[in-house]
Amino acid sequence: MAIARYDYRDLLETNSYIRNLSDTTYWLCITRTVQESKLFPMNPYMLLSYLNSFYRLPTLLREIDAATPAEELGDRAREVSLKVDTVNAAWGMPAFYLLGREMLMNWGLLRPEDAAQDVVDVVDFSRRFALSYHRNDGHITNKEFGDRSQFLPERTLQVIEADLHGVQAGDRLHDATVKLLAQLSQYAFLAHCECRIGIHNSGPYNFGDGRQMVMRDFFDLTEGDYPWLDGIATALPLNNLSISLVFKDTNFNLMDDWASFEAEPTYSASNIVAVGLYTSDALTDGYQPVGMENSETLAETMETYRTILNEATADLWKRIATWSREQMIDAGALVYSSVGKDFAHLAGTYRQDDWFELDDRAQRFKPLMNDEYARDGLGEMVGLLSLPHQKANEYQMARYSGLNQHMMTGIPYDALREPERFAQTVGDRALFSGSSTIEPKTGLWVTSAGRLDIDDYNARAAGFTPRTVQEPYRYFDEEWVKRNWHSTEANELYSIGQETSRTIAGRGAGLRRADLS
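Residues numbered from 1 in each chain as written. Predicted model: local features only at pLDDT ≥ 70, side-chain atom pairs only at ≥ 80, totals over all residues. Heavy atoms only, no water.

S.K.: Whenever I open this one, the overall build of the chain confuses me. Can you help?
M.R.: Looking only at helices and strands, one finds 16 helices and 12 strands in the chain. In terms of overall dimensions, the chain is globule-like: its C-alpha atoms have a radius of gyration of 23 Å, near the 24 Å expected for 517 residues. Principal-axis analysis of the C-alpha atoms gives the chain an extent of 65 × 55 × 45 Å. Each of the 517 residues in the chain was classed as buried or not, and the buried ones make up 60%. Residue pairs at least 24 apart in sequence account for 76% of intrachain contacts in the chain once pairs closer than 6 positions are excluded. As displayed, the chain has an accessible area near 20,200 Å², and 50% of this comes from carbon and sulfur atoms. Here the chain contributes 50 positively and 75 negatively charged side chains, and the mean placements of these two sets differ by 2 Å. (Helix = DSSP H or I, 4+ residues; strand = E, 2+ residues; numbered from the N terminus. Rg over C-alpha atoms; globule rule 2.2 N^0.38 Å. Buried < 20%, exposed > 50% of the residue type's maximum accessible area, 1.4 Å probe, protein only. Contact = heavy atoms within 4.5 Å. Areas by Shrake-Rupley, 256 points an atom, 1.4 Å probe, with all protein chains shown as cover. Lys, Arg positive; Asp, Glu negative; His and termini not counted. Charge placed at Lys NZ, Arg CZ, Asp CG, Glu CD.)

Okay, here's the thing in structure tokens:
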């Protein structure tokens, strides 16, 4: 039997995190657009994914944390755009796990004290990652920061601003940008079973003169972890793309934890005045420019990528059109339950079966997952909050609803008293057994280092640490730079990010925004 390693302070921190995540998730569910699909059974696959997360995630995160601690992973993710981002890792991963726990409690199969060690470990990993990831803005969620997402450091933003290519509505690069954004959005939704997990937005950042920059990221665009992308978009040389967009006359007043945004006036492509294109992954030392030599090359690159993705969208539609309902449920569930998979890539511990099998313990409940039950069950759990165990005492008023109901349940402190009365964990890797109706992956992984098999990819990732995360630079934060910008170390730190810059290579830490023009 597993021994409890948590104490009173651990439970206090865990329950605080759970309540804040519960409040944020409720706000997201009742105020943001609810996505439906005419193709994929989204409600069934979402519920199944929550159960899969509950049974697998604790073991996988412990292994990752032992190889690369969560706070170091946050340092890595903060430097670039990776799929361990706001919507996937900071919000989705712990939320999906905890919702799986809610489902089992609702069915009477789990007491709130059961699997307490798992809950503590998942929350602790998530909290340490989020604190590090958000180090530059000092908050743990976008909601806590007033729905902003500003994790990039000054040294990165200076390179992005200095290397921008200006555009005007109607010119070649503007048209290429708008069309590529539309194609990427369509393709990413389809590749991710018509959910938003493959798209991330962050910002806004002040670029002066009433201009704001947002970064739009698109992930898993060709052969990689998703088996159904083997043979799709193979002409695309990169798996992730990030587009920096500068807007005039637009105030992005909301960038939430689902990475969706609102703007005043509303988002209009005609207000885009400058763009940049980058890639990054577990093997890159910061953002790597793509086609940024000049505006003509950038426009040509974007047009080429759009053509490739347009054809890939058609190819993927044809493939998915052959799937059965069960295959669509399996694929969607695996997309959701694998939101933390890029942690394993960063740590060099990735195994395909860990993330792309549905655990047998979760599959037991698949017969329940018809459209009606899944729709009503999900609605009760995350919208109405009407499951009996979600009720609090009659005097309580929740943060956003004002009702005595909470989406996610904390761990009773009674778990500290004779913890042997409860199951501390769902088990370790020895209990992993699963399957999927999706054809297994056979292709290679497209990375910034070329097409790699997974053993090579893991070995390279395990042996790689970006220079800005190495000593002594790791702890040179924005507050330190403000007081030490003239030092040799600060110049070295800034020069690392400037190495790939078209305009400010070697300029160091003494630049202000006025020096970039």
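Having seen the structure, we can now continue with the description.
S.K.: How should the layout of surface pockets be read in this particular structure?
M.R.: Space left empty within the atom packing is revealed by a probe, the size of a water molecule, rolled over the atoms. One number sums up the size of the second largest pocket: a volume of about 460 Å³. Looking at the second largest pocket, it is lined by 21 residues, and the ones nearest its centre are Glu154, Gln158, Glu478, Tyr494 and Arg513. Among the secondary structure elements, those contributing two or more residues to the lining of the second largest pocket are helix H6 (154–162), strand E2 (199–206) and helix H15 (478–484). When the residues that make up the lining of the second largest pocket are grouped by side-chain class, the tally is 11 nonpolar, 4 polar and 6 charged. (1 Å grid on protein atoms, 1.4 Å probe; cavity = no way out; pocket = protein on both sides within 12 Å on 5 of 7 lines; lining within 4 Å. Points joined across faces, edges and corners; volume = space filled by probe spheres on them. Nonpolar A, V, L, I, M, F, W, Y, C, P; charged D, E, K, R; others polar.)

S.K.: I would appreciate a short explanation of the packing of helix H2 (residues 42–67) against helix H5 (residues 116–133) in the present structure.
M.R.: The geometry of a pair of packed helices is captured by two quantities: the angle between their axes and the separation between those axes. Running from N to C, H2 and H5 point in directions that differ by 50°, and their axes come no closer than 9 Å. Classified by the angle their axes make, H2 and H5 are oblique. For the crossing formed where H2 meets H5, the hand is left-handed. Facing H2, whose interface residues are Leu57, Pro58, Leu61, Arg62, Ile64 and Asp65, H5 presents Gln117, Asp118, Asp121, Val122, Phe125 and Arg128. Looking at the contact of H2 with H5, its residues break down into 6 nonpolar, 1 polar and 5 charged. (Axes fitted to C-alpha atoms, helices over the stretch in contact; angles between N-to-C directions. Parallel < 35°, antiparallel > 145°, perpendicular 65-115°, else oblique. Left-handed = near helix turned anticlockwise from the far one by under 90°.)

Distances and angles like these do not, on their own, reveal function.
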